[in-house]
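# Structural overview for review
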Amino acid sequence: MVKHIVDTRQLTDRDFLHGIFSLADEMRDIRYGPGYVDWHKGKIVASLFYEPSTRTKMALDAAALRLGAKVVGTENAEIFSSYAKGELTEHSLWATQQAYDLVIMRHKEEGTPQRIASTLDVPLINAGDGKNQHPIQALKDVYTIHNEFKRLDGLKIVFVGDIAHGRTVRSLAYQLAHRENNAMSFVSTPELGLPTDMRDYLQRKGVRIHETSKLDEVIPDADILYVTRLQQERTANEEENARLTEEYKRFQITVERANRMKDSARIMHPLPINTTKSNGFPEIVPELDTSQKSLYFLQSNNGLFIGMAAIDIMLKQHAHHLYSLIGDVPRVP
Ligand code: NCD
């Protein structure tokens, strides 16, 4: 049976993580050496995005191209595919899967990639499903953390902002829950705070959890501030959006707050950062973009190397030593 990457909990084996980190290092050498290899010449990757994306789609498309594969698909599948005619997403894939060797999919409905993957003959990589999972993002996050801190254990990580709607927070928290002795704080408003199923899962894994709305209290101790935007597209309406944006202002990472972090502490963000252009409010001030504390552009750029590694594994399947270390899809949410 073909394997798929749909949930971050499939990717928590220690040997898998170390293996994919060294593979990503190798991919970095390819990027800055020859620029590309022909390992997957003749292979075709389908890239189907039913929700907007900038970095994930560009990084994964470029990753496939740099490995010698070709990419087909659409970045606006909601409009430019038969989805616009009401077709079921599984029908679109069943009807086309002979055309490609791997499908990379982002969907706005939670659970769609998981549901469809088990019915496919080709491997699928979930590039984000609604509020649920974003396993590739979590891999690039832990790769970035590991490069910076030389460990994934014993970290104090503070998640700030829209915890309720953020698939990147869920995915990274689940990843780190499988390592030893990590403490997690969730800084948010009651409305945007930790969902019950997520709290239950983290507690079952024995993670020390702290939920608060007081950002300033947790800053001095944090190793990582993992900041997220208000997910405006997942709020009910304009009015709610305006109210939540107003409440969000108190979580903004300012220069003054960054200065109160430990010297070794770092700021991460999956990006994008909100702007006034989207009627939002930047959750990190632009002055911090070039601070040595800020890892977010590095974190984002690491997506290419992790993407190349993940695509290489999924295209080689059993011929790749890391393929067998990908776990089963968890049944629990
Ligand atoms: C994130 C996502 O799509 O979940 N972006 C990304 O893939 N880097 C975060 C977000 O949209 O807020």
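Whatever comes next refers back to the structure up there.
The following refers to the structure shown. Quantities reported herein were computed from a predicted structural model and do not represent experimental measurements. (Residues numbered from 1 in each chain as written. Predicted model: local features only at pLDDT ≥ 70, side-chain atom pairs only at ≥ 80, totals over all residues. Heavy atoms only, no water.)

### Some points on the pattern of salt bridges
In the structure shown here, the tally under the stated rule is 20 salt bridges. For the salt bridge of K262 with D223, the shortest nitrogen-to-oxygen distance reads 2.8 Å. Of the two residues, K262 sits in the loop between helix 11 (255-259) and strand 9 (266-268) while D223 sits in the loop between helix 9 (215-218) and strand 8 (224-227), which places them 39 residues apart along the sequence. The exposure class assigned to K262 is partly exposed, which follows from its relative accessible area of 32%. Residues joined by salt bridges that share partners form a network here, namely E51, R167, R229, E233 and R234. (Salt bridge = Lys/Arg side-chain N within 4 Å of Asp/Glu carboxyl O. Helix = DSSP H or I, 4+ residues; strand = E, 2+ residues; numbered from the N terminus. Buried < 20%, exposed > 50% of the residue type's maximum accessible area, 1.4 Å probe, protein only.)

### Brief notes about the packing of helix 6 (residues 135-149) against helix 12 (residues 296-316)
Between helix 6 and helix 12, the shortest axis-to-axis distance is 8 Å and the interhelical angle comes to 115°. As the angle between them shows, helix 6 and helix 12 are arranged roughly perpendicular. When you trace helix 6 past helix 12, the crossing you get is right-handed. Of the residues in helix 12, those in contact with I136, Q137, L139, K140, D141, Y143, T144 and N147 of helix 6 are Q299, S300, N302, G303, I306 and A310. Here the residues of the contact of helix 6 with helix 12 sort into five nonpolar, seven polar and two charged. (Axes fitted to C-alpha atoms, helices over the stretch in contact; angles between N-to-C directions. Parallel < 35°, antiparallel > 145°, perpendicular 65-115°, else oblique. Left-handed = near helix turned anticlockwise from the far one by under 90°. Contact = heavy atoms within 4.5 Å. Nonpolar A, V, L, I, M, F, W, Y, C, P; charged D, E, K, R; others polar.)

### Comments concerning the sheet that holds strand 3 (residues 102-107)
The strand order 2-1-3-4 describes an open sheet built from four strands, whose pairing is parallel. Because the sheet does not close on itself, it has two edges, and the strands there are strand 2 (70-74) and strand 4 (124-129). Neighbour-to-neighbour, the strand axes of the sheet open up by a mean angle of 15°, direction not taken into account. The sheet contact formed by strand 3 and strand 4 spans four bridges and is parallel. (Pairing = 2+ DSSP bridges.)

### Thoughts on empty space enclosed by the protein
Summed over the entire model, instances satisfying the criterion amount to two cavities of 30 Å³ or more. In this structure, the largest cavity is lined by R55, T56, A59, L60, H134, I136, Q137, K140 and G303. Mapped onto the lining of the largest cavity, the elements with two or more residues apiece are helix 2 (55-66) and helix 6. The residue makeup of the lining of the largest cavity, split by class, is three nonpolar, four polar and two charged. The calculated volume of the second largest cavity comes to roughly 30 Å³. Lining the second largest cavity, in full, are L230, Q232, T245, Y248, N274, G280 and F281. (1 Å grid on protein atoms, 1.4 Å probe; cavity = no way out; pocket = protein on both sides within 12 Å on 5 of 7 lines; lining within 4 Å. Points joined across faces, edges and corners; volume = space filled by probe spheres on them.)

### Concerning the site of the ligand
The ligand sits among R55, T56, R106, H134, Q137, R167, T168, R229, Q231, P270, L271 and P272. Contact distances for the ligand include 2.8 Å between an oxygen atom and a side-chain N or O atom of H134. Within the contact set of the ligand, an oxygen atom lies 2.8 Å away from a side-chain nitrogen or oxygen of Q231. In isolation the ligand exposes 310 Å². Once the protein is present, 94% of that is buried. Put simply, the parts of the chain that give the shell around the ligand at least two residues each are helix 2 and helix 7 (167-177). (Near = heavy atom within 4 Å. Polar contact = N/O pair within 3.5 Å; in protein donor to acceptor, adjacent residues only side chain to side chain. Areas by Shrake-Rupley, 256 points an atom, 1.4 Å probe, with all protein chains shown as cover.)

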